[in-house]
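One letter stands for each residue in the lines below.
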Amino acid sequence: MQKQDDKLQRRAEYEFSIGLRLTHWIRAVAIVILIVTGYYLSYVFQSPISTGEPTNFMQAKYRLVHQAVGFVLIGCIIFKIYLFFFDKVSRKERVSILDIFNIKLWIGQVKFYLFLGKHPNIKGVYNPLQFVTYFFFYLVIIGIILTGLILYVHTYHEGLGGMLYDVLRPLESAMGGLANVRTYHRILMWVIMIFIPVHIYMAIFNAVKGKDGSMDAIISGYKFVKEEKN
């Protein structure tokens, strides 16, 4: 007897634009660097070699890298938001919004993750749980960017720092002061650190169980979807 899978063939479907893929990997590298440098700024784990000369400003060097990469992350997020709303290829991401209001899809997706059913047929790129999770992730990223900028304006008082100082001061006050801002910044980074391994696990899970090249898509842009043979 011929198996059901043998009656299915796959077709390549362009899912992620090159802009989205680039921002994904640049953002991933930036977050790793920000975690390492941010951890150093909070808990110094390395000391410079003492030479007797006032030139080993290791704290300042870590802060410089942290802030520079932070602006790279800001650029990635701004570009990603632009792609989400205006990129033609990213239209499939926007369509995913419709799926989050479908209760049957939520139930079907939970069954899929519990090995109780097949992956439901979704209209967009992301299933409802994915979309809500990614939406929350970007809220966290925006939060860590805002708290990071508040800390930045207290380091550099001219240029961009001076321009943003008065703009961000009300937000700083609403958070309870600079000390609280720093605490929120750290908490949000811990949320991201928890998200990363969960994200990697779920990406591998979907790729292995779905067998549709979902992990390949973030590299090549193409996903391979099943369709019935005529």
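The shown structure was predicted, so the numbers you read here are calculated from the model rather than taken from an experiment.

A. Broad picture of the overall build of the chain. Check the secondary structure of the chain and you find eight helices and two strands. Its helices and strands in sequence order give the chain the pattern β-α-α-α-α-α-α-α-α-β, from N to C terminus. Across the chain, contacts joining residues at least 24 apart in sequence account for 67% of those joining residues at least 6 apart. Summing over all exposed atoms, the chain offers an accessible surface of approximately 14600 Å²; the carbon and sulfur share of this is 67%.

B. Inspection of the nonpolar core at higher detail. F16, I31, F137, I141, I145 and I192 are the most contacted members of the largest nonpolar core, which totals 37 residues. No other element matches the 13 residues that helix α5 (residues 128-153) contributes to this core. Discounting residues that sit within four places of it in the chain, I145 has contacts with I74 and I77.

C. Here's a closer look at the side chain of K80. In this structure, K80 sits in helix α2 (residues 58-86). Each residue touching K80, except ones within four places of it in the same chain, is listed here: L20, T23, R27, E93 and Y138.

D. Broad picture of the packing of aromatic side chains. Applying the stated criterion to the full structure yields 16 aromatic pairs. Here F84 and F85 contribute two aromatic rings whose centre-to-centre distance is 5.2 Å and whose plane-to-plane angle is 90 degrees, an arrangement assigned as edge-to-face. For the pair F112 and F205, a centre-to-centre distance of 5.9 Å together with 85 degrees between the ring planes defines the contact as edge-to-face. Taken as a pair, F112 in helix α4 (residues 103-113) and F205 in helix α7 (residues 178-210) lie far apart in primary sequence, 93 residues in all. With a relative accessible area of 10%, F205 lands in the buried category.

E. Region of interest: α4. Listed as buried for α4 are L105, G108, Q109, F112 and Y113. All buried residues of α4 fall inside an arc of 135 degrees around its axis, so they share one side. Among the exposed residues of α4, those oriented more than 90 degrees off its buried face are I103 and K104. Buried residues belonging to α4 abut α3 (91-99), α5 and α7. Regarding α4, its N-cap is N102, as a side-chain oxygen of that residue lies 3.0 Å from the backbone nitrogen of K104 further along. One or two steps after α4, the chain reaches F115, where phi turns positive at roughly 60 degrees.

F. Representation of the pattern of salt bridges. For the structure shown, the criterion picks out two salt bridges. Its salt-bridge partner being K80, residue E93 comes within 3.3 Å of it at the nearest N-O pair. One end of the pair, E93, is in helix α3; the other, K80, is in helix α2, and 13 residues separate them in sequence. No difference in accessibility class separates E93 from K80, as the two residues are buried. Its salt-bridge partner being R169, residue E172 comes within 3.1 Å of it at the nearest N-O pair. Residue E172 and its partner R169 are located together in helix α6 (residues 160-174), separated by three residues, close to a single helical turn. By relative accessible area, E172 is classed as buried at 6%.

G. The environment of R91, seen in detail. Secondary-structure assignment places R91 in helix α3. Judged by relative accessible area, which is 51%, R91 ranks as exposed. Distance in space between the C-alpha atoms of R91 and E15 is 9.6 Å, their sequence separation being 76 residues.

The rules behind these values
- Residues numbered from 1 in each chain as written.
- Predicted model: local features only at pLDDT ≥ 70, side-chain atom pairs only at ≥ 80, totals over all residues.
- Heavy atoms only, no water.
- Helix = DSSP H or I, 4+ residues; strand = E, 2+ residues; numbered from the N terminus.
- Contact = heavy atoms within 4.5 Å.
- Areas by Shrake-Rupley, 256 points an atom, 1.4 Å probe, with all protein chains shown as cover.
- Core = buried A, V, L, I, M, F, W, Y, C linked by side-chain atoms within 4.5 Å.
- Buried < 20%, exposed > 50% of the residue type's maximum accessible area, 1.4 Å probe, protein only.
- Phe/Tyr/Trp six-rings, centres within 6.5 Å; stacked < 30°, edge-to-face > 60°.
- Arc of directions from axis to C-beta.
- Polar contact = N/O pair within 3.5 Å; in protein donor to acceptor, adjacent residues only side chain to side chain.
- Salt bridge = Lys/Arg side-chain N within 4 Å of Asp/Glu carboxyl O.

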